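# Summary of the model geometry
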Amino acid sequence: MPNDGGLLAHEPLIRFGFFVAVFTMMAVWEGLVPRRAQAIGRRKRWPNNLGIVIVDTAAVRVIFPTAAVGVAFVVAAHGWGVLNALDAPASIAVPFSVVLLDFAIYAQHIVFHAVPPLWRLHRMHHADLEFDVTTGLRFHPIEIILSMVIKLAVIAVLGAPALGVLVFEVSLNATSMFNHGNVCLPGLTERILRWVVVTPEMHRVHHSIVRRETDSNFGFNLSCWDRLFGTYRPTPAAGHEGMTIGIDQFRDPAELRLDRMLLQPFRN
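Residues numbered from 1 in each chain as written. Predicted model: local features only at pLDDT ≥ 70, side-chain atom pairs only at ≥ 80, totals over all residues. Heavy atoms only, no water.

## Some words on the layout of surface pockets
- One number sums up the size of the largest pocket: a volume of about 930 Å³.
- Around the largest pocket sit 29 residues that line it, and Arg15, Asp56, Thr57, Ile144 and Asn173 are the ones nearest its centre.
- Secondary-structure elements contributing two or more residues to the lining of the largest pocket are α1 (4-32), α2 (42-63), α5 (90-114), α7 (141-158) and α8 (162-179).
- By residue number, the principal contributor to the lining of the largest pocket is α2, which donates six residues.
- Here the residues of the lining of the largest pocket are counted per class, giving 15 nonpolar, eight polar and six charged. (1 Å grid on protein atoms, 1.4 Å probe; cavity = no way out; pocket = protein on both sides within 12 Å on 5 of 7 lines; lining within 4 Å. Points joined across faces, edges and corners; volume = space filled by probe spheres on them. Helix = DSSP H or I, 4+ residues; strand = E, 2+ residues; numbered from the N terminus. Nonpolar A, V, L, I, M, F, W, Y, C, P; charged D, E, K, R; others polar.)

## Focus on the pattern of salt bridges
- Throughout the structure, instances matching the rule amount to 16 salt bridges.
- With its nearest N and O atoms 3.0 Å apart, the salt bridge here joins Arg61 to Glu11. In this pair, Arg61 is assigned in helix α2 and Glu11 in helix α1, connecting sequence segments 50 residues apart.
- What makes Arg61 partly exposed here is its relative accessible area of 29%.
- Of the charged contacts in the structure, one is a salt bridge between Glu255 and Arg260, with a shortest N-O distance of 3.2 Å. (Salt bridge = Lys/Arg side-chain N within 4 Å of Asp/Glu carboxyl O. Buried < 20%, exposed > 50% of the residue type's maximum accessible area, 1.4 Å probe, protein only.)

So this is what it looks like as structure tokens:
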């Protein structure tokens, strides 16, 4: 493992490397064996969905130059947080931090659905008219900034080590692309895997136009939270082929444009 300075210096490159690898794998998989036929193809959606990634990344790097990993180093240097107070060894602190940060994202996700002003931000993610790897990257920059503030607060209170934060950040990004993939796993493999992680079949339910289905399956990484807290729904009522992706608003394909997406929270 690199030293502290090395880990911080290489954090952007590590994250970018994993992003490119997972995105490429999912894009090829979707192209070869798509789960659902898409009425709106990649050429119309992908430049805009990937454009929002550039906007989000720039906003985070300007406002939080060292990102979450840098804050974790500050927390460790000052001895803040529960894990530092307990002097927990890395073998415990790293996996514990990954799990607790994942729970925090699950809880945050529920709140962003339940609180109307926050839903106005988050609904841009749900307004995609198709469901594929780029949907997992499509979040409004204001939501991304608020999410980072919440994440930094959790890191400070928990005393999460930098390595645990980096592992979480990489895994969250990778699993978001995976579980939004327009792909289909073999039946038995999928049923076993969803007991541990959120699969595309599980998360696709969350992108149903039916609100009771939208308000289910909030997990991004570990699937246990939905089962533990009663938000798990195994399948959409209309089936995966018959279900409608998106929300009642912003059904015009013109709303898939980057400028329209950025303005959606401020429009009815």
